[in-house]
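As a plain string of letters, each chain reads:
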Amino acid sequence: MVEDILTERPVLVLDFGAQYVQLIARRVRERQAFARIVRHDITAERVRELNPLGLILSGGPSSVYEPGAPQCDPAIFELGLPILGICYGMQLACRALGGRIEPAPAREFGRSECRVLDPSEPLFQGVPERTTVWMSHGDQILDPGGEFIPLAATPTCPVAAVRHRDRPILGLQFHPEVSHTPAGSVILGNFLDLICGNPHEWTMETFLERACAQVADRVGVDDRVVCGLSGGVDSAVCAALLAKAVGPRTVCVFVDTGLLRTGEREGVARAFGGRHGLELRVVDAADLFLGALEGVVDPQEKRRRIGRVFIDVFREEARSIPGARFLAQGTLYPDVIESGGAVDGPTANIKLHHNVGGLPAELGFELIEPLRDLFKDEVRKLGLELGLPESLVWRHPFPGPGLAVRCLGEVTRPRLEVLRQADKIFLEELAAAGLERQTAQAFAVLLPIQSVGVMGDGRTYESVVAIRAVETDDFMTADWSRLPHELLEKVSTRITNGVRGVNRVVYDITSKPPGTIEWE
């Protein structure tokens, strides 16, 4: 679908194992150029076929001189394309063209002051002569050779940036893609605009137009599309795009598992019931899911049973829809990359590709994934372009198994009700304080323990609720939110006073890593 929808010349990001590779691609797209992550050893012939604006060689954990270190096809340096090497990528380009790389006398990890040697260089246009950059390297270019000209230096790294004398090949020892390099976005923008000639064609407006045309052409005039709605951002934007593309031939199926937050079912009905004439089917399957979870406390077993029941329920409902030939999923670009499913992409399989409850191929539908080229922030922009309300577009992620993995221990109706009330109070107070958009995810967790308390003149022995809020850009790492103490106090008071059966509230201050965002 990538090559069907997209006509822009891409910027290819060669992945050498960098932890920031997806961030590089996102930063490029923020400059309205389409970035595509590809395997590090992509052939020069394939690069020529893709006709890119330029190449970016990512960082990586290896040393370029080690046996078995990832290498690129040396012929890419002969294509005449603009190339920007970052950290390992810079060292690789310099070594391939005559430079010498060795272990650094002093390793650099963290912020460093960088001095631009020639401010007239296009790559550093608009960048202060002294600027802070983020370093993360143990090797450095000892001698760039006669082919490269040094452009910048730090106190311990005399060659912090380079330019080839004759070819449009540049390198940065530091990481421009991270927020810790304040001028990084300007530097990347200079590479794209001044070196690559970026035409600024990658926008959600143009993507929407092409995606709708592609979906409409594929579905035709007789067949129908089934879209699994979860209530989350990705499936909601997917459904809205389908509604715009094929209108009433879209049937959205929302399965009420009984594991939803307060008002979730009603919110989906308001947002999608009758939208562009599409059909919304709500399946009430709470009894089936809660029955399957009876007595189960292991989180992985919870997920397995929920997935199995979901597939059974969804299959039965989907097969009752006349003319249904296609199944639409809200798969995103990170899902495709991490599952090894991207054309020309990295082959490492980080996780199994799963969406809409892990619907299997044997359901018998042809798959449509209109968002598979987008990152999360682009999906939100697309949602706004489609006219979805901000409250839906900016809502926090919600796990596929729902409250089952936030209700630690056995999942029962009474315990779920306690959790819903506590969660609702937390989110209400967060929104009232104007902090909902400043946190990436926030929720309550019902713990499988009880604690001693005192209410009035009596002793209590009741449940404990943990509340959690995190800040993150990519959900791969996250830091706990430093919420005001007054807000935490108000939330605690409301929960212990208003939710029967809870006498203690705790706040989770664990970052990811070492913890995960969810508790199960």
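These figures come from a predicted structure and were not determined experimentally.

Participant: Hey, could you run me through the nonpolar core in this one?
Facilitator: What tends to happen in soluble globular proteins is that the nonpolar side chains get buried as a cluster. Core analysis: the biggest nonpolar cluster contains 49 residues, and I467, L483 and I495 have the highest contact counts within it. The set of elements that each furnish at least two residues to this core consists of strand 11 (250–256), helix 9 (286–292), helix 10 (299–318), helix 14 (413–432), strand 15 (441–455), strand 16 (458–471), helix 15 (485–498) and strand 18 (502–507). The element that contributes the greatest number of residues to this core is helix 14, accounting for 7 residues. Filtering out sequence-adjacent residues up to four positions away, I467 remains in contact with F426, F443, A444, L488, V491, I495, V505, V506, Y507 and D508.

Participant: Any chance you could explain the packing of aromatic side chains here in plain terms?
Facilitator: The geometry of two aromatic rings is summed up by the distance between their centres and the angle between their planes. Tallied over the entire structure, the rule returns 6 aromatic pairs. Relative to Y507, the ring of W480 has its centre 6.3 Å away and its plane inclined at 75°; by these criteria the two rings are edge-to-face. Of this pair, W480 sits in strand 17 (residues 479–480) while Y507 sits in strand 18, and the two are 27 residues apart along the sequence. Here W480 and Y507 have matching classes, each one buried. The ring centre of F443 lies 4.0 Å from the NZ or CZ of R406, which sits over that ring. Above the plane of the ring of W480 lies R482, whose end atom (NZ or CZ) is 3.9 Å from the centre.

Participant: Would you explain the packing of helix 14 against helix 15 in this entry?
Facilitator: In a pair of packed helices, the angle between the axes and the distance between the axes together describe the arrangement. Between helix 14 and helix 15, whose axes approach to 10 Å, the crossing angle comes to 150°. The pairing of helix 14 with helix 15 is recorded here as roughly antiparallel in orientation. You can see that helix 14 and helix 15 cross each other, and the crossing is right-handed. Of the residues in helix 15, those touching helix 14 at Q421, A422, I425, F426, E428, E429 and L430 are L487, K490, V491, R494, I495 and G498. The residue makeup of the contact of helix 14 with helix 15, split by class, is 7 nonpolar, 2 polar and 4 charged.

Participant: Can you help me understand the packing of helix 7 (residues 233–246) against helix 12 (residues 376–385) in this one?
Facilitator: Contact geometry of helix 7 with helix 12 gives a least axis separation of 10 Å together with a crossing angle of 45°. Relative to helix 12, the element helix 7 lies oblique. Crossing hand, helix 7 versus helix 12: left-handed. Note on element contacts: helix 12 touches helix 7 through K376, V379, R380, L382 and G383, opposite V233, D234, V237 and L241. Class assignment of the residues belonging to the contact of helix 7 with helix 12 gives a composition of 5 nonpolar, 1 polar and 3 charged.

Participant: How should I be thinking about the pattern of salt bridges in this particular structure?
Facilitator: Any two side chains of opposite charge can pair, on the condition that their charged atoms come close. Applying the stated criterion across every chain yields a total of 35 salt bridges. Two residues, E49 and R46, come together in a salt bridge whose shortest N-O distance is 3.0 Å. Remark: R46 and E49 occur in helix 3 (residues 44–50); sequence separation between them is 3 residues, near one turn of the helix. Close ionic contact of E429 with K490 constitutes a salt bridge, the shortest N to O distance being 3.6 Å. Of this pair, E429 sits in helix 14 while K490 is found in helix 15, placing the two residues 61 residues apart along the sequence. Classification of E429 by relative accessible area gives buried; the value is 8%. The class for K490 is partly exposed, based on a relative accessible area of 47%. Beyond isolated ion pairs, a larger network of salt bridges with shared partners links K424, E428, E429, K490 and R494.

Participant: Would you explain the environment of P150 in this entry?
Facilitator: The topology assignment puts P150 in strand 7 (residues 148–154). Residue P150 is classed as partly exposed on the basis of its relative accessible area, which comes to 33%. Separated by 177 residues in sequence, P150 and L327 place their C-alpha atoms 53 Å apart. Apart from the residues lying within four places of it in its own chain, the contact partners of P150 are L117, P144, A161 and V162.

Participant: What's the story with unusual backbone geometry in this structure? I'm lost.
Facilitator: Glycine aside, residues mostly have negative phi angles, and peptide bonds mostly take the trans form. A cis amide bond, omega -10°, links K512 with the succeeding residue P513. Put simply, P513 and P514 share a cis peptide bond, and its omega is 15°. Along the polypeptide, P514 turns up in the segment after strand 18. Non-glycine residue N51 carries a positive phi angle of around 50°.

Participant: Just checking my understanding: could you explain helix 10 for this structure?
Facilitator: The periodicity of an α-helix, 3.6 residues per turn, causes residues three or four places apart in sequence to face the same way. Compared with an ideal rise of 1.5 Å per residue, which puts 20 residues at 28 Å, helix 10 spans 28 Å between its outermost C-alpha atoms and is within 8% of the ideal. Residues of helix 10 that are buried include every one of K302, I306, G307, V309, F310, I311, V313, F314, E317 and A318, and no others. Against the buried residues of helix 10 lie strand 10 (224–229), strand 11, strand 12 (279–284), helix 9 and strand 13 (324–328). For helix 10, the side-chain oxygen to backbone nitrogen distance between the N-cap and Q300 is 3.2 Å, and the N-cap itself is D298.

Participant: Please clarify how the side chain of R380 should be interpreted in this entry.
Facilitator: Within the secondary structure, R380 is located in helix 12. As a buried residue without a salt bridge, R380 has its nearest oppositely charged side chain in D234, at a separation of 7.1 Å. Those residues in contact with R380 that lie beyond four places of it in its chain are V233, V393, W394 and R395.

Cut-offs and rules
Residues numbered from 1 in each chain as written. Predicted model: local features only at pLDDT ≥ 70, side-chain atom pairs only at ≥ 80, totals over all residues. Heavy atoms only, no water. Core = buried A, V, L, I, M, F, W, Y, C linked by side-chain atoms within 4.5 Å. Buried < 20%, exposed > 50% of the residue type's maximum accessible area, 1.4 Å probe, protein only. Helix = DSSP H or I, 4+ residues; strand = E, 2+ residues; numbered from the N terminus. Contact = heavy atoms within 4.5 Å. Phe/Tyr/Trp six-rings, centres within 6.5 Å; stacked < 30°, edge-to-face > 60°. Lys NZ or Arg CZ within 6 Å of the ring centre and 35° of its normal. Axes fitted to C-alpha atoms, helices over the stretch in contact; angles between N-to-C directions. Parallel < 35°, antiparallel > 145°, perpendicular 65-115°, else oblique. Left-handed = near helix turned anticlockwise from the far one by under 90°. Nonpolar A, V, L, I, M, F, W, Y, C, P; charged D, E, K, R; others polar. Salt bridge = Lys/Arg side-chain N within 4 Å of Asp/Glu carboxyl O. Expected span 1.5 Å × (residues − 1). Polar contact = N/O pair within 3.5 Å; in protein donor to acceptor, adjacent residues only side chain to side chain. Lys, Arg positive; Asp, Glu negative; His and termini not counted.

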